[in-house]
Amino acid sequence: MSTVHLHRTTTLTPEQYIAGLTDFGPGRSKVFGNSADNYLKVHSQSGSQADVTEGSGGIWERLHYDWSNPNHVVLTTTDSNIWGGASGPHLQLHAASRRQNGHGR
């Protein structure tokens, strides 16, 4: 199995990022271009977990979202017409440190 590590910096807090990631309402494709509204189906959602099918352009996957640890969000593919089972991203979220002087340098 391959592992790919990507790093991205944002001004969002982990809570803001999770709120956007787990907003499964209409218009999701405005934030996530590969999640067309006509593919989106929320099978279940409670607390800090969700079971969601999403995709676009003929590609779809069913994902189990788990954000019970706000610093380590896990998305697990449970079904897909492309991806293998038990694949999916693990998102490590870290709050950026800021200097006391407010300049953030």
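For every chain, the first residue of its written sequence is number 1, and the numbers climb from 1 along that sequence. Reporting in this predicted model follows two pLDDT cut-offs: at least 70 for local features of residues, and 80 or more for side-chain atom pairs to be given and counted; totals over whole chains, interfaces and linings ignore these cut-offs and use all residues. Only hydrogens and water are set aside when side-chain values are computed; all heavy atoms of the structure are taken into account.

Some details on helix 1 (residues 14–21)
So, point 1. Burial classes follow relative accessibility: with a 1.4 Å probe on protein chains only, a residue under 20% of its type's maximum area counts as buried, one over 50% as exposed, and anything between as partly exposed. In this text, helices come from DSSP runs of H or I with a minimum length of four residues, and strands from runs of E with a minimum of two, each type numbered from the N-terminal end. Buried residues of helix 1: P14, I18 and L21, and no others. Taken down its axis, helix 1 places every buried residue within 60° of arc, on the same side.
So, point 2. Contacts are assigned to residue pairs with any non-hydrogen atoms lying within 4.5 Å of each other. Elements in contact with the buried residues of helix 1: strand 3 (59–66), strand 4 (72–80) and strand 5 (90–92). The reported arc concerns the directions from the helix axis to the C-beta atoms and nothing else.

Quick word on the side chain of T53
So, point 1. If you trace the backbone, T53 turns up in strand 2 (residues 49–56).
So, point 2. In this view, T53 contacts Y39, L40, K41, H43, W60, E61 and R62; residues no more than four positions away in its chain are not counted.

Considerations on the nonpolar core
So, point 1. Throughout, nonpolar core names a set of buried Ala, Val, Leu, Ile, Met, Phe, Trp, Tyr and Cys residues whose side chains join them through atoms within 4.5 Å. In terms of nonpolar packing, the biggest core is built from 13 residues, with L21, A50, V52, Y65, W67, V73 and L75 touching the most fellow members.
So, point 2. Of all elements in the fold, only helix 1, strand 2, strand 3 and strand 4 reach the threshold of two or more residues within this core.
So, point 3. Sequence-distant contacts of V52, defined by excluding residues within four places in its chain, comprise F24, L40, K41, V42, H43, E61, R62, L63 and Y65.

Read these as spatial facts, not as claims about activity.
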